[in-house]
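Commentary on secondary and tertiary structure
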Amino acid sequence: MAAEIVSATSGVMNPLLGKLTALLGEEYKKLTGVRKQASFLKDELSAMKALLDKLELMDEPDPLAKDWRDHVREMSYDMENCIDDFIHDLGVGVADAKVGFVRKTAQRLRRLGRRHKIADRIEELKGLALKANERRLRYKIDEYINPASGAVPVDPRVPAIYKEAAGLVGIDGPREEIVNWLTASVRKLNVVSIVGFGGLGKTTLAKQVYDKIRGQGQFGCTAFVSVSQRPDMTSLLSGLELKLGVEESRRAHEVPDIIDRLREHLKNKRYLIVVDDLWDQSAWDTISCVFAEGGNGGIVIVTTRLDDVACGACHDHHGYIYRMKPLVNEDSKRLFFSRVFRSEDACPPQFQEVSAQILKKCGGLPLAIITIASLLGSRQARSRSDWESIKDSLGTNFAAYPTLEGMKNILNLSYLNLPLRLRACFLYLGMYPEDREIMRVDLTRQWVAEGFVSGPDGADLEEVAKSYFNELINRSMIQPGEENMYGEVHSCRVHDLMLDLILSKCTENNFLSAAHGYEEMERMHGGNYKVRRLSLNLSAGGAAIPGLTVPATGLSQVRSYARFGDSKYTPPLCRFKYLRVLVFEFPEYWDITIDLTGIGHLFLLRYLKVSAGGGVDIDLPVEVKGLVHLETLEISCDSVQSFPSDVVCLPNLFRLILPYETGLPEGTRNMKSIRTLNCSGMGESSVEDIKGLGELTTLRELELYTSYGCDLTEDGVDALVSSVGKLRGLKRLRLCCEREGYDDQLESLPDHPLPRIEVLDLTWWQFLRVPQWIGGLRCLQALYLLTVQFSSEDVRVPGMLPSLVHAFFRVVDIPQDKVVVGTGLFPALERVEFTSYKDATEFLRFEAGAMPKLRTLALWFGLGRWGGATPVGIHNLLALQQIDVRVSGIYKETREQCEQLRRDVESAFGDVSRAHPARPTVSVAY
């Protein structure tokens, strides 16, 4: 069956039609009246959906057509809720799927006092559908639809093509200018403000300056923080503490206390801090209190759109203001053509004139150029008329008078050209606060839980969702965040101008409601439409405002609820009847108990993630077996009152992340649908449940840890090794388990274990030598290994793996003989790291033809262990681009000793780089 289109409007229609189809199935054949009504509704709504999809392709629907569309959308939400109530009242669950369901259902219906009420409600829904269709005919809605308007065929591209620093244009000069000013100054505190219009690339430039200065290895404390329009100073400063490595403790959570801790931490240190997206002087007045004026030359970089804020940040420190300028024509062309054709020289002659006109209208703004180029590059039909249409949509005055509205028009054009299947997923990003780094795995699973992702029967919806994410990156609708070891983007950010567009579209389509204050909460519940998705990002200021009451009816229709911020207010979960997605994020260092016992009644819940730090205690329900649809359960916190033991009974649970120090649930072997399991309390787990892991044949990702002081017993180790040997479908395995004494059970796994493994992390499981069975892992892409001994024979075992792209070797004892990486070994490897607290550089030798694709060589050793040598044969690594050297254990040494070591290491590896044919970059850090 072909995949259904899921747009912002039809996103609710598809699940509704699916449930109506289910009511026509064999299980419900004795419910004659219900089946008849369901058949009628399905036919009516299918016809409406076809019209909705056409309306979705229009730039500006006629007001009558738009009103009809909105009415049908809200009606569809209410219809699905009614059917969910009906199915729930029948008691449909796991047991009911057995033989005899129809007879049990009929008996149960006879017992239900609500039978007639349900029948009446379905009859009412039929009446609503008829009225909607009558309005369609009376207002002649079909005549208002022009399917060609705004319809752009799109070529779905996966995997995405990601931007690299080397591909940035027009940035070298500004970066060097700022770096030179900052590094040449001898002031106690150097401040530079980068100021300019939204979309000019201030953050990109600041990040490039930050990376270049940080790479020099002269700063012990570095951090990059985003402020945003509505900064919560407590959360912002707490996040800065975390990034700067301020020692954790049960500490006061008030702003003055955090500032005092940060000042003390930064005192007498060289620090490099970026304050990105600063909007007002008052925020800077608070943040600037952190920066202790020691004698070590700290650096602070500020980005802002506002000239007076830029001046205010620099005023007290006689700082430097860099005013962003639009790209010059040549740089604009390079950026544009590299996005559309991968090269400026590849532009066909018929597109050169219209390209120049498009670039002129973009006014040299990188965000505008990238957005339009990504739109054109993703189109299947690249006719000149298509390009002319895009050019005409850009308006005429933007280049001469760039304004916020003009930029929004450009972004809106890209939204209108999104394929329908991506629109609901794109708008869902409005659930997250401004400047938030959003993890791909969270976002894609939330899309799946909401029903936004569809594919042919049997398709892995998470993989389909990942392709959606990649395509949004590809179209520059979202900005790539961090990359994993394979070069895949696993997080993203949303430009604040794009987020403004998202939220305006969400309001227009009643897709979601976001509140930053209690007044906004009250207003949203007085609107024309019910709240369907709710994001609360409330700042601290008490549990509630006197007189504030949110009606239960205002929350009962919410399908996704995300809660961020420092406010201790959260609506009672008992009000959320139809919730599918629930995300709770609590700040660290709260001394509070959060009552989540109400989740046990959320019978439609599919996704639950709770994140909390130290001091927050989570109170979970005793039973969750009623959550038969739950797919993701992630409780990331330090403390829970108790964890529901019946979680093993959930029939559709695919992903389980257990709280810290919580052992495997009793009856682990019963979780037959589980694909991802993360347990940090293996020392508290019974041997029987550890053995049960071996029966979870659906497992694809497994991460197991022991908590401090609770090591695995010998029987536990035996059970774990036995289970790992049985998990033939695993793709990712991480074992961070301390054990009682040394053992070598894992070295002697049966022949050909883990045939599908792609990531294997055993850095906390010490081996005497590299296990021979690792040489048989033909699908392995990433390996992390800790060994006591290491030799040329040991390196040959993983060296023969055909798919290995990332390797990490931590060695306890340095061998007396050189470890020779021979010709032909590691044919696919792109990054390798050798780590030892002794000298990790003196025992390595690379032969010609070894590691032919290696781009990054990382070496990590302890201070005082370096003998002054570099690995032999680095010049044989012909693809090498980067040499990263890190020195650890720098605590008691003086600054002069550290600086001398850094200079010596830089000099030695600089000589290696200059002798290398590719001149790799050298980075030294400690």
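The model shown is predicted, which means the values in this text are computed figures rather than measured ones. (Residues numbered from 1 in each chain as written. Predicted model: local features only at pLDDT ≥ 70, side-chain atom pairs only at ≥ 80, totals over all residues. Heavy atoms only, no water.)

**A word on the overall build of the protein**
Each helix and strand in the protein was counted, giving 26 helices and 30 strands. Here the protein holds 926 residues, and 55% of them are scored as buried. In the protein, once contacts between residues fewer than 6 apart in sequence are set aside, the share between residues at least 24 apart is 68%. Carbon and sulfur atoms provide 50% of the accessible area of the protein, an area that totals close to 39,100 Å². (Helix = DSSP H or I, 4+ residues; strand = E, 2+ residues; numbered from the N terminus. Buried < 20%, exposed > 50% of the residue type's maximum accessible area, 1.4 Å probe, protein only. Contact = heavy atoms within 4.5 Å. Areas by Shrake-Rupley, 256 points an atom, 1.4 Å probe, with all protein chains shown as cover.)

**Focus on the sheet that holds strand β7 (residues 479-480)**
The strand order across the open sheet built from three strands is β6-β8-β7, with neighbouring strands paired in antiparallel fashion. Looking at strand neighbours, the two that pair on one side only are β6 (438-439) and β7, the edges of this open sheet. Here β7 pairs with strand β8 (residues 491-493) via two bridges, running antiparallel. The partner of Gln479 across the bridge, within β8, is Arg493. (Pairing = 2+ DSSP bridges.)

**Things to note about the packing of helix α1 (residues 13-23) against helix α3 (residues 63-90)**
Each packed pair of helices is defined by two parameters, the angle between the axes and the distance between the axes. Their axes nearest at 9 Å, the elements α1 and α3 cross at an angle of 40°. Seen from above, α1 lies across α3 with left-handed handedness. Two secondary-structure elements touch here, α1 through Met13, Pro15, Leu16, Lys19, Leu20 and Leu23 and α3 through Val72, Ser76, Met79, Glu80, Ile83, Asp84, Phe86 and Ile87. When the residues that make up the contact of α1 with α3 are grouped by side-chain class, the tally is 10 nonpolar, one polar and three charged. (Axes fitted to C-alpha atoms, helices over the stretch in contact; angles between N-to-C directions. Left-handed = near helix turned anticlockwise from the far one by under 90°. Nonpolar A, V, L, I, M, F, W, Y, C, P; charged D, E, K, R; others polar.)

**Some details on the pairing of strand β20 (residues 701-705)**
With four bridges joining them, strand β19 (residues 676-679) and β20 adopt parallel strand pairing. Bridge pairing in β20 places Leu677 opposite Leu702. For the crossover that starts at β19, traverses helix α23 (residues 687-692) and ends in the parallel β20, the hand is right-handed. Summarising the sheet, β20 and strand β21 (residues 732-736) pair through five bridges and their orientation is parallel. (Right-handed = clockwise from strand over helix to strand, strands pointing away.)

**Thoughts on the pairing of strand β22 (residues 759-767)**
Two faces belong to every sheet, and in a regular strand the side chains alternate between them. Within β22, seven of the nine residues are buried, leaving the element largely enclosed by the surrounding structure. Looking at chain direction, β21 and β22 are connected through three bridges and run parallel. Counterpart to Arg734 in the pairing with β22 is Asp761.

**Notes on helix α20 (residues 496-508)**
Residues spaced three or four apart along an α-helix face the same direction, because each turn holds 3.6 residues. Here α20 is 13 residues long and its end C-alpha atoms lie 18 Å apart, about the 18 Å a rise of 1.5 Å per residue gives. Those residues of α20 lying buried are Asp496, Leu497, Met498, Leu499, Leu501, Ile502, Lys505 and Cys506. (Expected span 1.5 Å × (residues − 1).)

**Points about the pattern of salt bridges**
Scanning the entire structure with this criterion turns up 43 salt bridges. Taking the shortest distance from any N to any O, the salt bridge between Glu74 and Arg532 comes out at 3.0 Å. With Glu74 in helix α3 and Arg532 in the loop between α21 (518-524) and β10 (533-537), this pair connects stretches of sequence that are 458 residues apart. Sharing partners across several salt bridges, the network here consists of Arg69, Asp70, Arg73, Glu74, Asp78, Lys530 and Arg532. (Salt bridge = Lys/Arg side-chain N within 4 Å of Asp/Glu carboxyl O.)

**Comments concerning the nonpolar core**
Across soluble globular proteins, nonpolar side chains show a tendency to be buried alongside one another. Membership of the largest hydrophobic core comes to 121 residues, with the highest contact counts inside it found for Ile618 and Leu760. In this view, Leu760 contacts Leu733, Leu754, Trp773, Ile774, Leu777, Leu780, Ala782, Leu783 and Tyr784; residues no more than four positions away in its chain are not counted. Residues Val340, Phe351, Leu411 and Trp447 belong to the second largest nonpolar core, which totals 92 residues. (Core = buried A, V, L, I, M, F, W, Y, C linked by side-chain atoms within 4.5 Å.)

**Describing the sheet that holds strand β3 (residues 271-278)**
Read across the open sheet, the five strands follow the order β2-β3-β4-β1-β5; overall the sheet is parallel. In this open sheet, the two edge strands, each paired with only one partner strand, are β2 (221-226) and β5 (320-323). This sheet shows a mean twist of 15° between the axes of neighbouring strands, independent of strand direction. Where β3 lies against strand β4 (residues 298-304), five bridges are found, and the strand directions are parallel. Note on β4: the bridge partner recorded for Leu272 is Ile299. The strands touched by helix α6 (residues 172-184) are β1 (189-195), β4 and β5; relative to β1, the strand with the most contacts, the crossing angle is about 160°.

**Remarks on the side chain of Arg559**
Residue position: Arg559 is located in the loop between α22 (552-555) and β11 (560-564). Given the relative accessible area of 3%, Arg559 is considered buried. Within polar-contact distance, the side chain of Arg559 engages the side chain of Glu80 at 2.7 Å. When sequence neighbours within four positions are dropped, the list of residues in contact with Arg559 reads Val12, Tyr77, Glu80, Asn81, Glu450, Arg532, Arg533, Tyr578, Leu579, Arg580 and Val581. (Polar contact = N/O pair within 3.5 Å; in protein donor to acceptor, adjacent residues only side chain to side chain.)

**A look at the packing of aromatic side chains**
In total, this model carries 20 aromatic pairs according to the counting rule given. Ring geometry for Tyr415 against Phe426: centres 6.0 Å apart, planes inclined by 35°, an arrangement best described as tilted. Of this pair, Tyr415 sits in helix α16 (residues 404-416) while Phe426 is found in helix α17 (residues 420-427), placing the two residues 11 residues apart along the sequence. Relative accessible area serves as the criterion here: at 0%, Phe426 is assigned to the buried category. Arranged with centres 5.7 Å apart and planes meeting at 25°, the rings of Phe809 and Phe834 form a pair that is stacked. One end of the pair, Phe809, is in strand β24 (residues 806-811); the other, Phe834, is in strand β26 (residues 831-835), with 25 residues separating them in the sequence. No difference in accessibility class separates Phe809 from Phe834, as the two residues are buried. (Phe/Tyr/Trp six-rings, centres within 6.5 Å; stacked < 30°, edge-to-face > 60°.)

**Brief notes about unusual backbone geometry**
Unusually for a residue other than glycine, Asp277 sits at a positive phi of about 65°. Within the secondary structure layout, Asp277 lies in strand β3. Note on Asp277: relative accessible area 10%, which makes it buried.

**Things to note about the environment of Met233**
Tracing the backbone through its elements, the reader meets Met233 in helix α8 (residues 233-244). You can call Met233 buried: its relative accessible area is 14%. The spacing of Met233 and Ile287 is 54 residues in sequence and 8.2 Å in space, taken between C-alpha atoms.

**With respect to the packing of helix α12 (residues 329-340) against helix α13 (residues 349-362)**
Where α12 contacts α13, the axes come no closer than 11 Å and their chain directions differ by 115°. Judged by the inter-axis angle, α12 sits roughly perpendicular to α13. Remark: the crossing between α12 and α13 carries right-handed chirality. Counted together, Ser332, Lys333, Phe336 and Phe337 of α12 and Ser355, Ile358 and Leu359 of α13 form the full contact between these two elements. Partitioned by chemical class, the residues of the contact of α12 with α13 number four nonpolar, two polar and one charged. (Parallel < 35°, antiparallel > 145°, perpendicular 65-115°, else oblique.)

**Focus on the confidence of the model for the protein**
Here the protein averages 81 in pLDDT, while 84% of its residues score no lower than 70. Every residue in residues 542-548 is under pLDDT 50, and counting partners more than four places away or in other chains gives 13 contacts. (pLDDT = per-residue confidence, 0-100.)

**Observations regarding the environment of Ser645**
Checked against the element boundaries, Ser645 lands in the loop between β17 (639-640) and β18 (655-657). Along the sequence, Ser645 and Pro665 sit 20 residues apart, while their C-alpha atoms lie 5.8 Å from each other. Leaving out residues up to four positions away in the same chain, Ser645 has contacts with Val622 and Glu666.

**Points about α17**
The buried fraction of α17 is high, at seven of eight residues. Burial in α17 covers these residues: Leu420, Leu422, Arg423, Ala424, Cys425, Phe426 and Leu427.

**Some remarks on the side chain of Asn190**
If you trace the backbone, Asn190 turns up in strand β1. Within the structure, Asn190 has its side chain in polar contact with the backbone oxygen of Leu182 (distance 3.3 Å).

**Overview of the environment of Ala562**
Within the secondary structure layout, Ala562 lies in strand β11. Sequence-wise, Ala562 and Leu582 are 20 residues apart; in three dimensions their C-alpha atoms are separated by 5.9 Å. If near-sequence neighbours (up to four positions away) are discounted, Ala562 is found in contact with Met431, Leu534, Ser535, Leu536 and Val583.

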